[in-house]
Amino acid sequence: MQPKTNTLKQKNIKKVQVTYDASLDAFISSTTSNTNTVVLAWREKSKKHLKMTSFNVAEGIHAFDYHSQLNLIATAGINKKVCLWNPYVVSKPVGILWGHSASVIAVQFFAARKQLFSFSKDKVLRLWDIQHQLSIQRIACSFPKSQDFRCLFHFDEAHGRLFISFNNQLALLVMKSEASTRVKSHKKAVTCVLYSSVLKQVISSDAGSTVSFWMIDTGQKTKQFTGCHGNAAISTMALDANETRLLTGSTDGTIKVWDFSGYCHHTLNVGREGAVDISQILVLKKTILVTGWERAITVFRLQNFNQFFIQPEKWKGGIQHRDNILCAAFLPPQTLVTGSYDGEIILWNNNTENAHCVLHPDYQRLLESKPGTEPQKLFSAGRSRSTCPSTNQAALGAHSLETLTKGNNAVVGLCFLEARKTTAETGGANLVSCGGSGYVRFWDTFKKQLLAEFLAHGGVGSIIMSTDKSNQYLATGGLDGQLKIWDIEEYCLNSSKSKITQAPALIRSFRPHEDQISSLEMCKMGGHLLIISSSADGSICVTDVCGAPLWIFGQAKHGQIENCFSLPKRDTNLMKSEIQEESKREIPLLSKEESSLDLPEHSLLDKKNKDETACNVRPSEVTNSGIKYKERNIFMEKTCNLYNGKVMQKSSTSPKTCCYEGAFRSLSIRALKELPEVKKPAFLLDPEKYFREKPEEERSQIPEPPSLSETLKAVFDEKNLFPKEILDRERRAKQLCQETSSEVKIKRNKKQL
């Protein structure tokens with residue numbers, strides 16, 4: 001080894017960088033030599049020596065960086081080139097970035113945007129678009145003026161800060177937030193969305209501890225709760241069975257129970273006075289389960305909800321997971337499943353709180369290699385019920401499956417397909433999981449078998465999902481803001497010996513958000529299946545399955561969301577049956593057996609334990625036109641629904657009546673007839689003709705009566721009048737008066753007759 005070292009020194013060859021990458025499970029090293037410039041070394045199973053591969057770069061390189069999602073190695077060439085390499089193709093680079101005038105000394109990927117930073121000796125920083133292999137930004141003359149320097153380069157992607165060192169000086173470049181014209185529903189990143197079928201509203205939360213309520217049909221904000229958990233972010237939410245209480249989980253380690261007026265009834269001390277990452281709140285009939293930050297299930301029993309501060313109790317089944325539990329799902333009457341970061345899914349009996357089976361994506365492959373091994377035997381052999389792992393557990397956990405990368409199988413979401421009622425008898429998938437590496441998996445929990453898995457989103461890391469109540473569609477969202485809708489109605493309906501890897505039919509794929517999708521919800525409104533999505537970009541979008549345009553909450557203009565959708569007409573008989581079922585439903589009342597949060601003595605609905613320091617309630621700044629939203633909801637609950645002009649008849653034998661009772665129940669209720677078109681009168685059609693002012697020349701000229709002085713002057717003028725003429729005029733005047741009086745009498749008589 002000593003002669004080789006001397007040779008390297010003589011040729012002035014330096015080993016520049018050495019690193020280990022977990023996703024490749026290999027060491028990567030580089031030199032300034034033009035042969036074996038970059039070397040990848042890894043150890044195969046049952047072999048002592050390392051296996052190596054290398055590729056050559058003319059004149060050598062100063063540095064390199066690896067992007068696991070793109071599977072690319074970027075090299076900073078002494079020959080002024082930035083080359084992009086596929087680790088498995090060593091013959092030539094897959095791309096070359098030209099533009100630097102001096103040798104490149106540092107490179108680093110901007111993973112979120114699929115971009116690359118490069119820095120050269122002449123102190124020029126460039127930002128590259130990897131897909132198009134173009135320089136999109138150049139920065140120069142912003143660094144310390146030193147000729148000889150040793151450079152260290154680091155990009156803090158989470159905060160958008162770039163650090164470059166020059167000997168004993170450090171330069172800091174901060175990225176400015178891009179000014180976007182996109183409509184934002186929240187000022188901060190939206191963390192969760194829920195749909196309340198009782199209120200007909202969408203409830204959303206954000207990282208600023210704010211909860212907002214939105215009309216689903218107009219997209220208007222009706223009210224807002226601020227400072228729900230102080231300055232701590234709200235990470236998740238849930239509704240109780242009656243949909244009268246809202247539960248918010250925060251990074252401060254607490255869960256608060258609110259009514260829709262903004263009063264806090266209970267505070268659940270999840271983190272025991274410490275900050276924890278709450279990922280899910282699952283409200284069941286007698287318990288509230290919380291997961292996200294540890295290997296055990298945190299449980300709150302509703303029988304203890306008789307005070308304001310509630311402490312957690314011990315889960316009877318103990319700790320069965322090896323890694324943190326991220327999600328959970330429940331299938332009546334007693335099946336509970338939990339998923340963890342290492343990819344394990346454990347099935348529990350919720351009544352006894354004991355685990356009885358474990359599922360894992362790779363256990364299926366082990367079963368194929370060992371046909372005689374049952375899943376339950378594998379579980380009991382590889383897992384014991386103790387809290388601390390045994391030697392066998394450590395051997396299995398420290399990789400009987402060495403090809404796995406930690407986090408690739410993380411289970412972020414679980415959902416039971418409750419609409420598939422005959423799965424236990426006929427077989428088929430009844431559980432869906434999603435998470436790490438963008439995969440969606442379908443499981444048969446009765447046979448403890450993985451039936452299908454497919455890649456829903458490639459190269460974006462972890463994903464989330466949601467399904468409708470009929471389990472016909474599955475919506476998946478990724479970190480890049482991409483949303484996909486799949487048709488799973490006929491997918492994995494039967495069991496099969498071999499695992500299905502073909503994806504179901506993809507109905508729609510689009511990008512409604514600029515940043516990662518944080519939450520998905522599916523609901524029905526007016527016969528349309530709507531998909532509600534929230535994102536870290538602060539927006540909440542609503543669309544449908546068939547490709548309607550996006551509806552973003554918070555828009556300046558409000559309208560009816562139904563105008564955006566054009567779906568095929570539904571079956572009339574189906575609509576009538578749905579309307580009759582809906583008319584028989586009393587929304588606000590549920591029995592104590594049906595309610596998950598109602599208790600004989602102490603209930604979440606008890607108003608005696610209200611928090612005196614309730615959060616601030618803000619009404620919407622833009623009021624809803626027409627009927628106010630509260631009056632409108634009451635009006636909709638108290639009146640019978642007429643759907644698309646069809647007649648809704650209520651059975652007189654129904655034990656529950658909605659609105660028409662007593663003397664009015666025999667009245668016939670039918671749709672209004674269309675009125676014939678009424679012709680407008682002429683004065684409305686041509687108002688100028690009837691109401692315009694006439695010109696002065698057209699008006700009739702009425703002579704003004706002579707003044708009194710002129711009349712007297714004319715009568716007593718001595719020059720023109722004589723006594724005889726005056727007497728004659730008096731005589732004529734008397735005759736005229738008599739004639740006039742006689743005519744008046746005749747007219748009166750005629751009127752009387």
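Residues numbered from 1 in each chain as written. Predicted model: local features only at pLDDT ≥ 70, side-chain atom pairs only at ≥ 80, totals over all residues. Heavy atoms only, no water.

An unreviewed UniProt entry annotates the protein as WD repeat-containing protein 49 isoform X4 of Mustela putorius furo.

Draft legend 1. How the structure looks around the overall build of the protein. When helices and strands are counted, the protein shows eleven helices and 44 strands. Counting over 753 residues, the protein shows a buried share of 43%. Contacts in the protein between residues at least 24 apart in sequence constitute 47% of all its contacts with a sequence separation of at least 6. With the model as given, the accessible surface of the protein reaches about 43,900 Å², and the carbon-plus-sulfur share is 52%. (Helix = DSSP H or I, 4+ residues; strand = E, 2+ residues; numbered from the N terminus. Buried < 20%, exposed > 50% of the residue type's maximum accessible area, 1.4 Å probe, protein only. Contact = heavy atoms within 4.5 Å. Areas by Shrake-Rupley, 256 points an atom, 1.4 Å probe, with all protein chains shown as cover.)

Draft legend 2. How the structure looks around empty space enclosed by the protein. A complete count under the given rule lists two cavities of 30 Å³ or more for this structure. If you add up the space inside the second largest cavity, you get close to 40 Å³. Elements with a minimum of two residues in the lining of the second largest cavity: β33 (431–435) and β34 (439–444). Per element, the largest residue contribution to the lining of the second largest cavity is three residues, and it comes from β33. Grouping the amino acids of the lining of the second largest cavity by side-chain chemistry returns four nonpolar, five polar and one charged. (1 Å grid on protein atoms, 1.4 Å probe; cavity = no way out; pocket = protein on both sides within 12 Å on 5 of 7 lines; lining within 4 Å. Points joined across faces, edges and corners; volume = space filled by probe spheres on them. Nonpolar A, V, L, I, M, F, W, Y, C, P; charged D, E, K, R; others polar.)

Draft legend 3. Looking closely at the pattern of salt bridges. Counted according to the given criterion, the structure contains five salt bridges. One salt bridge connects Arg301 with Glu313, and the closest N-O pair in it is separated by 3.0 Å. Of this pair, Arg301 sits in strand β26 (residues 298–301) while Glu313 sits in the loop between β27 (309–310) and β28 (325–331), and the two are twelve residues apart along the sequence. If you follow the salt bridges from partner to partner, you end up with Arg301, Glu313 and Glu353 in one network. (Salt bridge = Lys/Arg side-chain N within 4 Å of Asp/Glu carboxyl O.)

Draft legend 4. Structural context of the pairing of β28. Burial of β28 is extensive: six of the seven residues sit out of reach of the surface. Relative to strand β29 (residues 335–340), β28 is paired through six bridges, and the arrangement is antiparallel. Note on β29: the bridge partner recorded for Ala328 is Thr338. Hairpin geometry of β28 and β29 is characterised by an intervening segment of three residues between the two adjacent antiparallel strands. (Pairing = 2+ DSSP bridges.)

Draft legend 5. Looking closely at the pairing of β34. Of all six residues in β34, five are buried, a share of seventy percent or more. Alignment of β33 against β34, held across four bridges, turns out to be antiparallel. Note on β34: the bridge partner recorded for Cys434 is Val440. From the end of β33 to the start of β34, which pair antiparallel, there are three residues, and Ser437 there has a positive phi angle of about 65 degrees.

Draft legend 6. Here's a closer look at the layout of surface pockets. Taken as a whole, the second largest pocket spans an internal volume of roughly 1,500 Å³. Forming the walls of the second largest pocket are 37 residues, and the residues nearest its centre are Phe110, Ala112, Arg113, Glu514 and Asp515. Split by residue class, the lining of the second largest pocket holds eleven nonpolar, eleven polar and 15 charged.

Draft legend 7. Region of the structure containing the confidence of the model for the protein. Predicted confidence across the protein gives a mean pLDDT of 75, with 69% of residues reaching 70 or more. Per-residue pLDDT stays below 50 along residues 364–405; that stretch engages in 54 contacts with residues further than four places along the chain or on separate chains. Note on residues 619–667: pLDDT under 50 across the span, and 61 contacts to partners over four residues away in sequence or across chains. (pLDDT = per-residue confidence, 0-100.)

Draft legend 8. How the structure looks around the sheet that holds β33. Spatially, the four strands line up as an open sheet ordered β32-β33-β34-β35, and their pairing is antiparallel. Bordering the open sheet on either side are β32 (411–416) and β35 (449–455), each of which pairs with just one other strand. With direction set aside, neighbouring strand axes in the sheet form an average angle of 20 degrees. In this structure, β34 lies alongside β35, joined through six bridges in antiparallel fashion. By the bridge assignment, Val440 is partnered in β35 with Phe454. (Axes fitted to C-alpha atoms, helices over the stretch in contact; angles between N-to-C directions.)

Draft legend 9. Main features of unusual backbone geometry. The linkage connecting Pro332 with the following residue, Pro333, adopts the cis geometry, with an omega of 10 degrees. Structurally, the position occupied by Pro333 is in the loop between β28 and β29. In this model, Lys123 sits at a positive phi of 60 degrees, which is unusual for a non-glycine residue. With respect to the secondary-structure elements, Lys123 resides in the loop between β10 (115–120) and β11 (124–129). For Lys123, a relative accessible area of 15% gives the class buried. A positive phi is found at Asn471, a non-glycine position, where the angle reads about 55 degrees.

Draft legend 10. The arrangement of the UniProt feature "repeat: WD" (unreviewed entry) in the protein in detail. Those places that UniProt annotates as "repeat: WD" (unreviewed entry) correspond, in this numbering, to residues 97–138, 183–224, 234–261, 318–349 and 465–489. End C-alpha to end C-alpha, residues 318–349 measures 13 Å, and it is 0% helix and 56% strand. (UniProt positions renumbered as here; feature names shortened; annotations may be inferred.)

Draft legend 11. Just the sheet that holds strand β39 (residues 505–510), in detail. Pairing is antiparallel in the open sheet, where four strands are placed in the order β36-β37-β38-β39. The sheet terminates laterally at β36 (464–467) and β39, the two strands that pair on one side only. Along the sheet, successive strands turn relative to each other by an average axial angle of 20 degrees, direction set aside. Where β36 and strand β37 (residues 473–477) come together, four bridges link them in antiparallel fashion. What sits directly across from Ser466, in β37, is Ala475.

Draft legend 12. Expanded view of the environment of Asp444. Mapped onto the elements of the fold, Asp444 is located in strand β34. A polar side-chain atom of Asp444 sits 3.4 Å from the main-chain amide nitrogen of Lys447. (Polar contact = N/O pair within 3.5 Å; in protein donor to acceptor, adjacent residues only side chain to side chain.)

Draft legend 13. Region of the structure containing the side chain of Gln482. Relative to the elements of secondary structure, Gln482 occurs in the loop between β37 and β38 (483–487). Among the polar contacts listed, one links the side chain of Gln482 to the side chain of Ser509, at a separation of 3.0 Å. Among residues more than four places away in sequence, those in contact with Gln482 are His457, Thr476, Gly477, Ser509, Phe510, Arg511 and Ile517.

Draft legend 14. Region of the structure containing the nonpolar core. In terms of nonpolar packing, the biggest core is built from 18 residues, with Val440, Phe442, Phe454, Ile488, Tyr491 and Cys492 touching the most fellow members. Counting residues per element, the ones that place at least two in this core are β33, β34 and β35. With three residues, β35 is the largest single contributor of residues to this core. Once residues lying within four places of it in the same chain are set aside, the contact partners of Phe442 are Leu417, Ala429, Leu431, Val432, Gln449, Leu450, Leu451, Ala452, Phe454, Ile488, Tyr491 and Cys492. Counting residues in hydrophobic clusters, the runner-up holds 17 residues, among them Val257, Leu268, Val276 and Ile281. (Core = buried A, V, L, I, M, F, W, Y, C linked by side-chain atoms within 4.5 Å.)

Draft legend 15. Up close: the packing of aromatic side chains. Across all of its chains, the model carries 16 aromatic pairs by this definition. Ring geometry for Tyr20 against Phe27: centres 5.1 Å apart, planes inclined by 55 degrees, an arrangement best described as tilted. We classify Tyr20 as partly exposed; its relative accessible area is 41%. Ring centres of Trp214 and Phe553 lie 5.4 Å apart, and the angle between their planes is 25 degrees; on these two criteria the pair is classed as stacked. Here Phe553 lies in the loop between β43 (551–552) and α6 (572–584) and Trp214 lies in strand β18 (residues 211–215), a separation of 339 residues in the sequence. Across this residue pair, the class does not change: Trp214 and Phe553 are buried. Chaining the aromatic ring pairs together yields one cluster made of Phe442, Phe454, Trp486 and Tyr491. Taking NZ or CZ as reference, Lys223 lies 4.9 Å from the ring centre of Phe213, over its face. Directly above the ring of Phe510 sits Arg508, whose terminal nitrogen or CZ lies 3.9 Å from the centroid. (Phe/Tyr/Trp six-rings, centres within 6.5 Å; stacked < 30°, edge-to-face > 60°. Lys NZ or Arg CZ within 6 Å of the ring centre and 35° of its normal.)

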